[in-house]
Amino acid sequence: QKEVEQNSGPLSVPEGAIASLNCTYSDRGSQSFFWYRQYSGKSPELIMFIYSNGDKEDGRFTAQLNKASQYVSLLIRDSQPSDSATYLCAVETNRDDKIIFGKGTRLHILP
Amino acid sequence: NAGVTQTPKFRILKIGQSMTLQCTQDMNHNYMYWYRQDPGMGLKLIYYSVGAGITDKGEVPNGYNVSRSTTEDFPLRLELAAPSQTSVYFCATQAGNYGYTFGSGTRLTVV
């Protein structure tokens, strides 16, 4: 089983709708979870981090964590064309404190 | 405040040549990392360092070497370039549990 799994997409969402990005992880003891946005040809940039079960909101972004199901998601409300990018899920494993990245989901916001 | 600076941005190497990818940070972070990113394959950890004088291997260290003589600098050395090392290389730093700050990347082609 891969350590951090994401659907590669592309995920196409109409402008103004909610984009939902999902991620599962295998290390049950993981404590820290991150979402990075990466535009084509650019480096990843951190947009959200979450440590506790439940929801964390920051502007149009909401991260959701369910440790029992080993599932973390990112919701983007009122999607804009500028949100079109690849979104990387990252998990800090309990085993050695390293951060493991998923392969990313490509998101395309349709104008 | 420059953050994480990587040089060069682009480089073409011939098979068997050597080069050093430079990474410098001005954030006084102890933890530094080198990742490579291949299309559709996510980020793979090459080497990391938890402080000056301390380095360790990541997931894909073969063909690479690193050193960490100061907090600021973490160069990555390729000794005998091979086509399999064609990739985009990212340096990153970490402060506490707040995720990574990435440099802008070096796009390397080995021909």
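Description of the structure in this document. Keep in mind that this is a model prediction, so the values were computed, not measured.

Calculation notes
Residues numbered from 1 in each chain as written. Chains lettered and ligands numbered in written order. Predicted model: local features only at pLDDT ≥ 70, side-chain atom pairs only at ≥ 80, totals over all residues. Heavy atoms only, no water. Helix = DSSP H or I, 4+ residues; strand = E, 2+ residues; numbered from the N terminus. Contact = heavy atoms within 4.5 Å. Polar contact = N/O pair within 3.5 Å; in protein donor to acceptor, adjacent residues only side chain to side chain. Buried area = accessible area lost by both parts, 1.4 Å probe. Salt bridge = Lys/Arg side-chain N within 4 Å of Asp/Glu carboxyl O. Disulfide = S-S within 2.5 Å. Pairing = 2+ DSSP bridges. Axes fitted to C-alpha atoms, helices over the stretch in contact; angles between N-to-C directions.

### Some words on the environment of glutamine 38 of chain A
Right, so step 1: By the secondary structure assignment, glutamine 38 of chain A is in strand β4 (residues 32–38).
Right, so step 2: Dropping the residues within four chain positions of it, glutamine 38 of chain A is found in contact with Ser43, Pro44, Ala85, Thr86 and Leu88 of chain A together with Gln37 and Phe90 of chain B.
Right, so step 3: At 2.9 Å, the side chain of glutamine 38 of chain A and the side chain of glutamine 37 of chain B are in polar contact.

### Notes on the interface of chain B and chain A
Right, so step 1: Each side of the interface is counted separately: chain B has 19 residues, and chain A has 17 residues.
Right, so step 2: Of the roughly 1,400 Å² buried where chain B meets chain A, counting both sides, 57% is carbon and sulfur surface.
Right, so step 3: Of all residues in chain B, Asn97, Tyr100 and Phe102 of chain B give up the largest surface area on contact with chain A, accounting jointly for 30% of the area buried on that side.
Right, so step 4: Our count for the chain B to chain A interface comes out at zero salt bridges.
Right, so step 5: Taken together, chain B and chain A are joined by four residue pairs in polar contact (both at pLDDT 80 or more).

### Regarding the state of the cysteines
Residue and element names in this part refer to chain B.
Right, so step 1: Under the counting rule described, the total for this entry stands at two disulfides over all chains.
Right, so step 2: The side chain of cysteine 23 participates in a disulfide bridge whose partner is cysteine 91; the two sulfur atoms lie 1.9 Å from each other. Handedness of the cysteine 23-cysteine 91 disulfide follows from its S-S torsion of about -70 degrees: it is left-handed. In this pair, cysteine 23 sits in strand β3 (residues 19–25) while cysteine 91 sits in strand β9 (residues 87–94), placing the two residues 68 residues apart along the sequence.

### Section: the sheet that holds strand β7 (residues 64–66) of chain B
Think of a sheet as strands paired side by side through backbone hydrogen bonds, with each pair either parallel or antiparallel.
Residues and elements named next belong to chain B.
Right, so step 1: Taken in spatial order, the four strands make up an open sheet running β1-β3-β8-β7, and their pairing is antiparallel. With one partner strand each, in any of the chains shown, β1 (4–7) and β7 form the two edges of the open sheet. Neighbour-to-neighbour, the strand axes of the sheet open up by a mean angle of 20 degrees, direction not taken into account.
Right, so step 2: In this sheet, strand β8 (residues 76–78) lies alongside β7 in antiparallel orientation, the contact comprising three bridges. Bridged to valine 66 within β8 is leucine 76.

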